[in-house]
Amino acid sequence: MIYVIGGIKGGSGKSTISTNLAVLMARKFKDILLIDADDQQTASDFTVFRSETMKDNLDYTSIQLSDRTVRDQTIKLRSKYDHIIIDTGGRDTTSQRAAISIADIYLVPFVPRSFDIWTIEKVSTLIEEMKIINPKLKSFSFINKADFSGQDNSEAANLLKENKTLEFIDIFIGNRKSFPNASSKGLAITEIKPKDVKAIQEFNALFNFLININLDLN
Ligand SMILES: Nc1ncnc2c1ncn2[C@@H]1O[C@H](COP(=O)(O)OP(=O)(O)O)[C@@H](O)[C@H]1O
Ligand SMILES: [Mg+2]
């Protein structure tokens, strides 16, 4: 399976989701490849922090690719891995399009703020264009950095649900300090102490959802 984490907004949590997914997937499956297709190289930085914290015992393989090589190299590598996770930058780039062109699953996190949610129209147009060359693509949206009070989560969710190109995943990942804390050490949310049980439960829910789509398609 090739999972692409994307969208056209920075700061929505693409790299956080990608790197946490890579670690959790590596625990359940054998060979996982994390591809950093963003010039900002956040996923690669995470891997460097992780190799320091874990004494080189990374669990997954990490590479950086850009532009058309995201497509060409991923196609070459796909048979060697159980799952591939591609982290993209927050813009409509050649790299992101190359990733979507070979993806099975396109996962787009949204922060529950208007300027972020409004990008869904552009994201859907991008998906519709990419479906011409990748008709099997399945696209999903969900809310990351959810608030702990107020109406913004439900208003954002309602807007995301209206969109027919992306299926809305009804799982909210809260805005929890433990995510940046874990990432800065190259650790997944399940690996830091003290344990943030709520954050782990939320991320596990997303992870299990993704694993199940996986089974559906196989
Ligand atoms: N659920 C979350 N709760 C708290 N902070 C988060 C969460 N998801 C991401 N972040 C933080 O938000 C910032 C941007 O996240 P990042 O994953 O780098 O976004 P992107 O890759 O989409 O630009 C980072 O500091 C990250 O640690
Ligand atoms: Mg990023």
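Our structure is the block above this text.
Residues numbered from 1 in each chain as written. Chains lettered and ligands numbered in written order. Predicted model: local features only at pLDDT ≥ 70, side-chain atom pairs only at ≥ 80, totals over all residues. Heavy atoms only, no water.

Peer 1: What exactly am I supposed to notice about the site of ligand 1 here?
Peer 2: Every one of the 15 residues lining ligand 1 counts as a neighbour, but Gly11, Lys14, Thr16, Asn144 and Arg176 are closest to it. Within the backbone of Gly13, a nitrogen or oxygen atom sits 3.0 Å from an oxygen atom of ligand 1. Contact distances for ligand 1 include 2.6 Å between an oxygen atom and a side-chain N or O atom of Lys14. Taken by itself ligand 1 offers 560 Å² of open surface, and the protein chains cover 79% of this. Secondary-structure elements contributing two or more residues to the shell around ligand 1 are helix 1 (14–28), strand 6 (138–146), strand 7 (167–174) and helix 8 (178–183). With three residues, helix 1 is the largest single contributor of residues to the shell around ligand 1. In the shell around ligand 1, the residues fall into three nonpolar, nine polar and three charged. (Near = heavy atom within 4 Å. Polar contact = N/O pair within 3.5 Å; in protein donor to acceptor, adjacent residues only side chain to side chain. Areas by Shrake-Rupley, 256 points an atom, 1.4 Å probe, with all protein chains shown as cover. Helix = DSSP H or I, 4+ residues; strand = E, 2+ residues; numbered from the N terminus. Nonpolar A, V, L, I, M, F, W, Y, C, P; charged D, E, K, R; others polar.)

Peer 1: Whenever I open this one, the pairing of strand 6 confuses me. Can you help?
Peer 2: Looking down a regular strand, the side chains alternate between one sheet face and the other. Judged by how many residues are buried, strand 6 sits mostly within the fold: seven of nine residues are covered. Two elements, strand 5 (residues 105–110) and strand 6, share six bridges in a ladder whose sense is parallel. Paired with Pro109 across the bridge in strand 6 is Phe142. Across five bridges, the pairing between strand 6 and strand 7 is parallel. Bridged to Ala146 within strand 7 is Gly174. Remark: the strand 6/helix 7 (residues 152–162)/strand 7 crossover connection has right-handed handedness. (Buried < 20%, exposed > 50% of the residue type's maximum accessible area, 1.4 Å probe, protein only. Pairing = 2+ DSSP bridges. Right-handed = clockwise from strand over helix to strand, strands pointing away.)

Peer 1: Before we go on, may I ask you to explain the nonpolar core in this structure?
Peer 2: With 34 residues, the main nonpolar core has Leu21, Ile85, Phe203 and Leu206 as its most contacted residues. Put simply, the parts of the chain that give this core at least two residues each are strand 1 (2–5), helix 1, strand 2 (32–37), helix 2 (42–53), strand 5, strand 6, strand 7 and helix 9 (197–217). No other element matches the eight residues that helix 9 contributes to this core. In this structure, Leu206 is in contact with Ile17, Phe142, Ile169, Ile171 and Ile173, ignoring residues within four places of it in sequence. Of all hydrophobic cores here, the second largest spans 33 residues; its members include Ile84, Ala99, Ala146 and Leu160. (Core = buried A, V, L, I, M, F, W, Y, C linked by side-chain atoms within 4.5 Å. Contact = heavy atoms within 4.5 Å.)

Peer 1: Please clarify how the packing of aromatic side chains should be interpreted in this entry.
Peer 2: Aromatic ring pairs: the centre-centre distance and the angle between the two ring planes describe each pair. Applying the stated criterion across every chain, the model contains four aromatic pairs. Geometrically, the ring pair formed by Phe168 and Phe172 is edge-to-face, given 6.2 Å between the ring centres and 70° between the ring planes. (Phe/Tyr/Trp six-rings, centres within 6.5 Å; stacked < 30°, edge-to-face > 60°.)

Peer 1: For this particular structure, what's the right way to read the environment of Asn134?
Peer 2: Along the chain, the position of Asn134 falls in the loop between helix 6 (120–131) and strand 6. Residue Asn134 is classed as buried on the basis of its relative accessible area, which comes to 2%. Along the backbone, Asn134 and Asp104 are 30 residues apart, and their C-alpha atoms lie at a distance of 8.7 Å. In this view, Asn134 contacts Ile100, Ser101, Ile102 and Ala103; residues no more than four positions away in its chain are not counted.

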